[in-house]
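The residues making up each chain are set out below.
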Amino acid sequence: MTNKQELQNAVQEPQAQGTSQFPQVVFEIAILARVKWNLHSLNNEGTIGNVTEPRTIALWDGTKTDGVSGEMMKHIHAYWTWLQAKTRSLSLCPACQSFRPQRADAAPQGLNPNDNAQAMSTAITRCVLCDLHGFLVQRPTIHRQSVVEFGWVVGVPGKFNRDIHVHARHAVAERGQEEEASEEQTQEQAAEREGRTEVAAQMLYHRPTRSGVYALVTLFQPWRIGLNEVNYTYALDSNERTRRYQLALTAYEWTLKRPDGAMTTTRFPHIEGIEGIVLISRLAVPVPMLSPLREDYREKLKTLAEKQGIEFKEFNDLDELVNILSKLQESTPFRMPFPDTPADGETASTEQSAGRRRGRRRREATETPQESTESGEFEESSSDSPADME
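Quick summary incoming for the structure in this document. (Residues numbered from 1 in each chain as written. Predicted model: local features only at pLDDT ≥ 70, side-chain atom pairs only at ≥ 80, totals over all residues. Heavy atoms only, no water.)

## As for helix α9 (residues 318–328)
In an α-helix there are 3.6 residues to a turn, and that puts residues three or four apart on one side.
And step 1. For α9, the full list of buried residues reads L321, V322, I324, L325 and L328. Looking straight down α9, one finds its buried side chains confined to an arc of 160°; they lie on one side. Exposed and facing more than 90 degrees away from the buried side of α9 are N323 and K327.
And step 2. Turning to α9, the residues buried within the fold contact β1 (25–26), β2 (28–40), α7 (238–257), β14 (270–281) and β15 (311–315). (Buried < 20%, exposed > 50% of the residue type's maximum accessible area, 1.4 Å probe, protein only. Helix = DSSP H or I, 4+ residues; strand = E, 2+ residues; numbered from the N terminus. Arc of directions from axis to C-beta. Contact = heavy atoms within 4.5 Å.)

Rendered as structure tokens:
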């Protein structure tokens, strides 16, 4: 080896070591898995009379199966996100302080009604939950789609069972006039008193119980954390985006360890296990999504991931999935190279709106009222289609 080559290797080696010290970035994360839940009732259609009906969904071929809605799963994730934000004193808007489902729409104070871009930046900056789980504000008309998405948790056909059980509540009363018990009361008198009791009222009710193997799909888009999708600039700095990214990953872990849905006071699920695959995109490439309803979903997803240059990690139980999510905490959210990215919390829309106002003032100073009307300078309020909320 020549001296020139040795010199080049000496220079390249510390550069490679220094590069490895920087955390990897994450564009998207998908978790596709099969979960085994026993004796639960996490999600129901509703109650008619004294009968609670379980969720029933139909697949493409008409097969009817059991399920837990994506709205319920997203609500569970949002709750664990909120709990972390409250205990760590992270930023929450006035509505999310008390976990109100309207989020930013229930606390429009401080949102600029004349500048949608600035209003969006304010809503994102001031609240972790609004940023991660989305919102719809009526005035100003802005909406944010959640960066956390869940599909139905679907019972795999042939691998689930459910039943409806009858329960009863009784109100016990005593026939005739009540008597006060005395210390001198004999055992015979006490037995006679007990014999005079009867069931005054009885309420029957029917509750569902389900068990099975369920297909779970969920998508997490870290690259959109803090992204103002009105003017496509980031409203947060890298440190805050990373903090919220880690918060969402922890909420995922808690959601799968503790699916705190409906009727858990009497039907807390017996979690038997979970197995599946985690797909991690480190470049601006969408992760493939293939349903765990397929028996070969893991093999197919590994093939698709390899073709797209996407990282994948398989797991066969809950502790392995938790280890994968914990390792992902060391990464940082991918940042798109959008132009005019604001610095020091200042949005690009603020400068643009200020320029428009200055231009209007100059024109108003030179135009007559009639000319101003004829110029047709009217600002129309934008109307965004509502996003899917929980």
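Let's pick the thread back up.
## Quick notes on the side chain of R126
And step 1. Following the sequence through the fold, R126 ends up in helix α4 (residues 116–126).
And step 2. The buried charged residue R126 lacks any salt bridge partner; its closest oppositely charged side chain belongs to D105, at an N-O distance of 9.0 Å.
And step 3. Polar side-chain contacts of R126 include one of 2.8 Å to the backbone oxygen of Q109.
And step 4. Residues within four places of R126 in sequence aside, it is in contact with S91, L92, C93, A104, A107, Q109 and L111. (Lys, Arg positive; Asp, Glu negative; His and termini not counted. Salt bridge = Lys/Arg side-chain N within 4 Å of Asp/Glu carboxyl O. Polar contact = N/O pair within 3.5 Å; in protein donor to acceptor, adjacent residues only side chain to side chain.)

## What about the packing of α7 against α9?
And step 1. Put simply, α7 and α9 touch, their axes get as near as 9 Å, and they point 175° apart. Compared by their axis directions, α7 and α9 come out roughly antiparallel. Taken together, the residues of α9 that come into contact with α7 (itself represented by Y245, L249, Y252, E253, L256 and K257) are L318, L321, V322, L325, S326 and L328. (Axes fitted to C-alpha atoms, helices over the stretch in contact; angles between N-to-C directions. Parallel < 35°, antiparallel > 145°, perpendicular 65-115°, else oblique.)

## Overview of the pairing of strand β6 (residues 64–68)
And step 1. Counting buried positions along β6 yields four of five residues, so the element is predominantly enclosed.
And step 2. The sheet contact formed by strand β5 (residues 56–58) and β6 spans three bridges and is antiparallel. Across the sheet, the residue bridging to T56 is D66, located in β6.
And step 3. In this antiparallel pair of consecutive strands, β5 and β6, the connection spans five residues, and G62 shows a positive phi of 90°. (Pairing = 2+ DSSP bridges.)

## With respect to the packing of aromatic side chains
And step 1. Under the definition given, this model contains 13 aromatic pairs.
And step 2. On the basis of an interplanar angle of 15° and a centroid distance of 6.0 Å, the ring pair of F220 and Y245 is categorised as stacked. With F220 in strand β11 (residues 197–220) and Y245 in helix α7, this pair connects stretches of sequence that are 25 residues apart. Each member of the pair F220 and Y245 is classed as buried.
And step 3. An aromatic cluster is present here, built from Y79, W80, W82, F99 and W254 joined pairwise through their rings. (Phe/Tyr/Trp six-rings, centres within 6.5 Å; stacked < 30°, edge-to-face > 60°.)

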